[in-house]
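# Residue-level structural notes
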Amino acid sequence: MGLALLTERHEKQIAGVLSCWDRMLVFGTLPGICYAEGMTSYLHAHKIRIFDYPRFAEPFRDQLKQNAERLATENGLTIEFLRKRNVRKEEHVRQVVAARGEHPGLVCILSVMEPCSTYKPWHNKQTGKTYLLPDDGKCLHYYFYFIDEQLGLCYVRVPTWLPCRLQIYFNGHNWLAAQLSRRKIEFDLVDNAFTLIGDWNRAQQIANGWDPKRIHARLDQFARTFCPIFRSFGVQYHWSIDQCEYATDIVFHRQADLARIYDNLARTAIHTVKPDHIATFLGRKLNSQYEGEMGNRFDVRIEGTRIRHTMGPVSLKLYDKFGLILRIETTVNDLTFFRHYREVEHRDGSREMKWASMQKTIYSLPALRELLEAANRRYLEFISAIEYPRPGRDKLDKLSRTVPQEGRSYPG
């Protein structure tokens, strides 16, 4: 209803509307060794002393370094070590892509010393048991930036110390662009937003067809290429969502059309959206027992202004891109915030269908898409009900203006 109201008011000004996945961060963990207990059991099973854990991990670190050097040599690249913390990797990669072109392949390899999760040997004098404990360390990380035929520009972050928890980034708009190209549908993609699509309805159908199984296959391929040591443990990576964004874009024909309504929408929303509204947008009910963080924030950036409404690990944003696109975007940092009706497996092996917290696996993405799209639409319904004051203000100005007639002036 809200989107229909907005498009009805500005039917001639709006080029199209598209809801699509945006930025996504996926974590890969190795079952059996991703927790200290699992790694302890692995060492015991292979008759490796717990206090020999650092010596056990060193060969895997060396293999990852050799793999990175091999990939660099095969692709005619040099591994760039970043010594300064304030270097923006995205800007550096953007410059490299501009120079090399956007054809598929490895773009660059960056290395940097960063914190990592690891384990430390520990002997419990009270129980007499020796095991590994979770610990925070620091190790060399490789960032492999590449352009994938299906997912566009991606990166894989590989720590060189066990348990080698991978982080993979990709963008849903780039994936959709590849799908449109394959179907020969005209489009213009600027940064991570479409300013033109030949068939908006068809593009939306394709975006809704995001298939986790195909994404799973690509992620496994990335792991085999950039972190091949997992084969030594006889397991496959388990892929879970660390952060994802789902955006709804209302694309205008001209910047002036959006500029005419945007300032009023933004400034009115920041004052009228209350905590119970935010909960409603996200499909939740606010009660006295909720202890998470909630609030609104108005930011002025180089790109323009942005409103951000937060509820715990979820935020809902409103901003304009290039002065041409009104974007409503929901960002999730913890999928368990949402609940949905799904099959639950109990410890005794029994299964039942019930309302439960969403799992972080990539196979939750179809259900998550429905929830996030609904959140964006509820927010659109809210801002669509905001009255645009300019016509009324113009009428009032006309009525209050002095009118000369037949040599006399009549007050407004």
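Residues numbered from 1 in each chain as written. Predicted model: local features only at pLDDT ≥ 70, side-chain atom pairs only at ≥ 80, totals over all residues. Heavy atoms only, no water.

## Quick notes on the overall build of the protein
To keep things clear, this is the line we draw: Segments assigned H or I by DSSP are reported as helices when at least four residues long, segments assigned E as strands when at least two residues long, and all are numbered from the N terminus. We call a residue buried when its accessible area falls under 20% of the maximum for its residue type, exposed when it is over 50%, and partly exposed in between, using a 1.4 Å probe and counting protein chains only. All accessible areas in this document rest on Shrake-Rupley with a 1.4 Å probe, and a residue is counted as covered only by the protein chains that are shown.
A tally of regular secondary structure across the protein gives 11 helices and 17 strands. Considering only C-alpha atoms, the protein reaches an extent of 105 × 55 × 40 Å along its principal axes. Out of the 412 residues belonging to the protein, those deemed buried represent 46%. Approximately 22,500 Å² of the protein is accessible, and the part contributed by carbon and sulfur atoms is 49%.

## Quick notes on the environment of Met24
Mapped onto the fold, Met24 is located in strand 1 (residues 14–29). C-alpha of Met24 to C-alpha of Asn171: the two residues are 147 residues apart in sequence and 6.0 Å apart in space.

## Concerning unusual backbone geometry
A cis geometry characterises the amide bond from Leu162 onward to Pro163, with omega recorded as 15 degrees. Tracing the chain through its elements places Pro163 in the loop between strand 5 (152–159) and strand 6 (166–171). Located in the positive-phi region is Lys184, a residue other than glycine, with phi close to 60 degrees. On the secondary structure map, Lys184 appears in the loop between helix 5 (172–182) and strand 7 (187–190). One non-glycine residue, Phe322, lies in the positive phi region at around 60 degrees. The topology assignment puts Phe322 in the loop between strand 12 (314–321) and strand 13 (325–332).

## Some thoughts on the pairing of strand 9 (residues 238–252)
For a regular strand, the rule is simple: side chains alternate between the two faces of the sheet. Note the threshold: Any two strands between which DSSP finds at least two bridges are classified as paired.
Among the 15 residues of strand 9, 12 are classified as buried, and the element is accordingly described as predominantly covered. Pairing geometry for strand 1 and strand 9, over 13 bridges, is antiparallel. Across the sheet, residue Ile14 finds its bridge partner in strand 9, namely Phe252. Sheet topology places strand 9 next to strand 13; 8 bridges connect them, and they run antiparallel. Bridging across to strand 13, Ala247 finds its partner in Glu329.

## Describing helix 5
What counts is decided by this rule: Any N or O atom pair separated by 3.5 Å or less is treated as a polar contact, with the protein-specific requirement of one donor-capable and one acceptor-capable atom, and with residues adjacent in sequence counted only for side-chain atom pairs.
Counting buried positions along helix 5 gives 9 out of 11 residues, so the element sits mostly inside the fold. Those residues of helix 5 not exposed but buried are Gly172, His173, Asn174, Trp175, Leu176, Ala177, Ala178, Gln179 and Leu180. With a side-chain oxygen lying 2.8 Å from the backbone nitrogen of His173, the N-terminal cap of helix 5 falls on Asn171. Looking one or two residues beyond helix 5, the residue adopting positive phi is Lys184, at roughly 60 degrees.

## Some remarks on the packing of aromatic side chains
Where we set the bar: Pairing of aromatic side chains here covers Phe, Tyr and the six-membered ring of Trp, requires ring centres within 6.5 Å, and sorts the geometry by plane angle: under 30 degrees stacked, over 60 edge-to-face, intermediate tilted.
All told, the structure shown has 23 aromatic pairs when counted by the stated rule. Seen from their ring centres, Tyr155 and Tyr169 are 5.5 Å apart, and the 15 degrees between their planes marks the pair as stacked. Here Tyr169 lies in strand 6 and Tyr155 lies in strand 5, a separation of 14 residues in the sequence. When the centroid spacing of 5.5 Å and the interplanar angle of 70 degrees are considered together, the rings of Phe281 and Phe382 count as edge-to-face. Of this pair, Phe281 sits in helix 9 (residues 275–281) while Phe382 sits in helix 10 (residues 365–384), and the two are 101 residues apart along the sequence. An aromatic cluster is present here, built from Tyr142, Phe144, Phe146, Phe222 and Phe226 joined pairwise through their rings.

## So, the side chain of Asn171
Definition in use: We call two residues contacting when some pair of their heavy atoms lies within 4.5 Å.
Within the element layout of this structure, Asn171 appears in strand 6. A residue is classified by how much of its surface remains accessible, and Asn171, at 3% relative accessible area, is buried. Among the polar contacts made by the side chain of Asn171, one reaches the main-chain amide nitrogen of His173 at a distance of 2.8 Å. Those residues in contact with Asn171 that sit more than four places away from it in its chain are Trp21, Asp22, Arg23, Leu151 and Asn192.

## Side note on the pattern of salt bridges
Opposite charge on two side chains allows them to pair when their charged atoms are near. Condition: A pairing counts as a salt bridge when a side-chain nitrogen of Lys or Arg comes within 4 Å of a carboxyl oxygen of Asp or Glu.
Tallied over the full model, the rule gives 24 salt bridges. Of the charged contacts, one joins Glu74 and Arg70 as a salt bridge, the two residues approaching to 3.0 Å between their closest N and O atoms. Linking Glu74 with Arg70, this pair stays in helix 3 (residues 53–74), spanning 4 residues, or about one helical turn. In this structure Arg70 comes out as partly exposed when scored by relative accessible area, which is 39%. A salt bridge links Arg306 to Asp299; the nearest nitrogen and oxygen atoms lie 3.0 Å apart.

## A few points about the side chain of Thr305
For Thr305, the location among the structural elements is in strand 11 (residues 305–311). Excluding its chain neighbours within four sequence positions, the residues that come into contact with Thr305 are Tyr262, Phe298, Asp299, Val300, Leu318, Tyr319 and Asp320.

## What to know about the pairing of strand 1
Counting buried residues along strand 1, 13 of its 16 residues qualify, which places the element largely inside the surrounding structure. As judged from the 6 bridges shared by strand 1 and strand 6, these two strands associate in the antiparallel manner. The partner of Leu25 across the bridge, within strand 6, is Tyr169.

## Looking at the nonpolar core
To keep things clear, this is the line we draw: Buried Ala, Val, Leu, Ile, Met, Phe, Trp, Tyr and Cys residues form a nonpolar core when they are joined through side-chain atoms within 4.5 Å.
Of all hydrophobic cores here, the largest spans 107 residues; its most connected members are Met39, Leu162, Phe170, Leu326 and Tyr379. Looking at this core, the element that brings in the most residues is helix 3, giving 8 residues. Beyond its immediate chain neighbours, meaning those up to four positions away, Leu162 contacts Met39, Tyr53, Phe56, Ala57, Phe60, Ser117, Thr118, Ile229 and Phe233. If you look at the next biggest cluster of nonpolar residues, it comprises 13 residues, including Val93, Ile147, Tyr155 and Tyr169.

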